[in-house]
Amino acid sequence: MYAIVSLISMWAIPVVIVFIPLYAAYKKLPVYETFTEGAKDGFDTAIRIIPHMVGMMVAISVFRASGAMDLIIGQIQPLLRLIGIPAEVLPLAILRPITGTGSLAYTVDLFKQFGPDSMIGRIASTIQGSTDTTLYVLTVYFGAVGIRKSRYALKVGLISDLIGFAAAIAVCYLVFA
């Protein structure tokens, strides 16, 4: 199973990078012009989302500095130990929907402490790849395009993150245990 996952991992990105321009050329689309137009639109979007990013970064800082994350972790940790989820990845599960950079920094700390090839390192890596920064996406992208009613998107995003967290642990135990 590990050999199959490694083979897929090794070839997935190169295949996608080659496939997209070839498919666009096959469909006779102006590949370079389409790319540059998208880059131009991306720059305009980046300028519009700066205020939303600043607000989100302040909220994350307040959440971490207030001790709220430590309080939440302290309450949930005993239950997770009973069902076999490593307590060390719990802060990552809480941080990931809030901040990509903060969750990546925590993942690097887990790598330093346990090693990237440890079960905890593999679970952390899989969580990084199978969950999203839901609150960041809602704040920045929805704010950039003017969407104000994000209640259902928040529910679906957080449920998806929870499922991604559980699936990451299950897959790691299935593939690497």
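Reading the values: the criteria
- Residues numbered from 1 in each chain as written.
- Predicted model: local features only at pLDDT ≥ 70, side-chain atom pairs only at ≥ 80, totals over all residues.
- Heavy atoms only, no water.
- Helix = DSSP H or I, 4+ residues; strand = E, 2+ residues; numbered from the N terminus.
- Buried < 20%, exposed > 50% of the residue type's maximum accessible area, 1.4 Å probe, protein only.
- Lys, Arg positive; Asp, Glu negative; His and termini not counted.
- Salt bridge = Lys/Arg side-chain N within 4 Å of Asp/Glu carboxyl O.
- Patch = residues over 30% accessible without salt bridge, like charges linked within 9 Å, V, L, I, M, F, W, Y side chains within 5 Å.
- Areas by Shrake-Rupley, 256 points an atom, 1.4 Å probe, with all protein chains shown as cover.
- Phe/Tyr/Trp six-rings, centres within 6.5 Å; stacked < 30°, edge-to-face > 60°.

Considerations on the side chain of Arg-96
Relative to the helices and strands, Arg-96 resides in the loop between helix 4 (90–95) and helix 5 (100–114). Within the buried core, Arg-96 has no salt-bridge partner, and the shortest N-O distance to an opposite charge, that of Asp-132, equals 4.8 Å.

Side note on a nonpolar patch on the surface
The grouping of Leu-7, Met-10, Trp-11, Val-15, Val-16, Phe-19, Ile-20, Tyr-23 and Tyr-26 at the surface amounts to a nonpolar patch, some 1000 Å² of accessible area in total. Its location among the elements puts Val-15 in helix 1 (residues 2–26).

Details of the packing of aromatic side chains
What the rule picks out here adds up to one aromatic pair. Plain terms: the ring middles of Phe-19 and Tyr-23 are 5.6 Å apart, the flat faces sit at 20 degrees to each other, and that makes the pair stacked. Of this pair, Phe-19 and Tyr-23 both sit in helix 1, separated by four residues, roughly a single helical turn.

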